[in-house]
Amino acid sequence: MTSSHIPVPYVLAYSGEAVRQRLTFAPDPSCGELRLSHQDPRPRSDWHRGVLLARVRTNRRGQIMWRHLNRRRQWECMTKDLCQVCKGPAADSRTGRLWWVITETGFRASSDSGGLTNAPPTCRPCIPTSLQWCPQLQKSAAVYTVAAAESAGVLADIYRPGPGGVPVFTGEHNAFVGWEEFSVLPFALATQMVVRLHDMVLVEHGADVCPALVPS
Ligand SMILES: [Zn+2]
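Remember, it's a predicted structure, so these values are computed and weren't measured experimentally.

(A) How the structure looks around the layout of surface pockets. By volume, the second largest pocket amounts to about 180 Å³. Val 19, Arg 42, Ser 45, Asp 46, Leu 53, Ala 54, Arg 55, Val 56, Arg 71 and Arg 72 together form the lining of the second largest pocket.

Right, dumping it as structure tokens:
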């Protein structure tokens, strides 16, 4: 909690957690093809499903970056179904369904009741507070429950190899790269995990939701 009692969501980044990414292109040991790598590679932790992960600290030092998510905490929330605000379980204890706040900017529909997002779930008790404190959410948010969230790919910055293996940024920032895009994954630096939500059921639109969801 800050002095003004605004809860700082667990998933947010801090300025002191930023790491300068020192990148190169190097042969993939499994196939010999060039792939993006950190200059001092750590093979066991740098890659996930063929994509290079952006490095970031998790010390929560410095200024809160209200518009940025910490890559490792975002990843943790997605893979363990944890609330992005309090790090508690995001699943409803009664139904087992996951509570999810959906915004226009952080969601892309892929079917009538499913879609892609990089915003982790928000547990039911945290929803009223997060809607109350975040003007962005009040404008465009809607609250859903979903049956499941399945890892679908990443948001990434895309590079190409320049002379001597020096990575050249293509200008593609926050591009969605799916796990099946094998030709793109070796050129991507992942900054967020993207999940596909299944069987989404609308509970309420944002502005109306606070009173309805205040825990009794
Ligand atoms: Zn929570």
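Back to the text.
(B) A look at the side chain of Thr 117. With respect to the helices and strands, Thr 117 occurs in strand 9 (residues 114–117). In this structure the side chain of Thr 117 is engaged in a polar contact, spanning 2.6 Å, whose partner is the backbone oxygen of Gly 106. A polar atom in the side chain of Thr 117 sits 3.1 Å from the backbone nitrogen of Ala 119. Setting aside residues up to four positions removed in sequence, Thr 117 forms contacts with Met 78, Trp 100, Gly 106, Phe 107, Met 193, Val 194, Val 195 and Leu 197.

(C) Main features of the environment of Gln 74. Structurally, the position occupied by Gln 74 is in helix 1 (residues 71–80). On the basis of relative accessible area, Gln 74 is assigned to the buried category, the value being 0%. When the C-alpha positions of Gln 74 and Gln 192 are compared, they lie 6.8 Å apart, and in sequence the two are 118 residues distant. Side-chain polar atoms of Gln 74 contact the backbone oxygen of Asn 118, separated by 2.8 Å.

(D) Spatial organisation of the coordination of the zinc ion. Donor atoms from the polypeptide that coordinate the zinc ion comprise Cys 83 (SG), Cys 86 (SG), Cys 123 (SG) and Cys 126 (SG), at 2.3 Å from the metal. Bound by four donor atoms, the zinc ion shows angles of 102 to 114 degrees at the metal and therefore tetrahedral coordination geometry. When the donor residues of the zinc ion are listed from N- to C-terminus, their spacing reads C-x2-C-x36-C-x2-C. Within this pair, whereas Cys 86 is found in the loop between helix 1 and strand 7 (98–102), its partner Cys 123 is found in the loop between strand 9 and helix 2 (127–133), the two being separated by 37 residues in sequence. Overall, Cys 123 belongs to the buried group, its relative accessible area being 6%.

Cut-offs and rules
Chains are numbered independently. Their residues run from 1 in the order of the written sequence. Only residues with pLDDT of 70 or above have their local features reported here, since the model is predicted, and side-chain atom pairs are shown and tallied only from 80 upward, although totals for entire chains, interfaces and linings are computed over all residues. Hydrogens are left out, water is left out, and the side-chain values use all remaining heavy atoms of the structure. The method works on a 1 Å grid over the protein atoms by themselves. A cavity is a set of points holding a 1.4 Å probe that cannot get out, a pocket is an open set with protein on both sides within 12 Å along at least five of seven lines, and residues with an atom within 4 Å of a point line them. Grid points are joined across faces, edges and corners, and a volume is the space filled by probe spheres set on the points. Secondary structure elements are taken from DSSP: a helix is a run of H or I of four residues or more, a strand is a run of E of two residues or more, and numbering for both begins at the N terminus. Polar contacts, as used here, are pairs of N or O atoms within 3.5 Å; protein pairs need one atom able to donate a hydrogen and one able to accept it. Residues neighboring in sequence count only if both atoms are side-chain atoms. By definition in these notes, contact holds between two residues if any of their heavy atoms fall within 4.5 Å. Only protein chains enter the calculation, and the probe is 1.4 Å; a residue is then buried if its accessible area is under 20% of its type maximum, exposed if over 50%, and partly exposed in between. With water omitted from the atoms examined, metal sites may look incomplete; donors here are N, O and S atoms no farther than 2.8 Å from the metal, or 3.2 Å in the case of Na, K and Ca. Here the metal geometry follows the donor angles, with tetrahedral for four donors whose angles all fall between 85 and 135 degrees, square planar for four and octahedral for six when opposite donors are more than 155 degrees apart and every other angle is between 65 and 115, and irregular for all the rest.

Function cannot be read off these values alone, since they describe shape.
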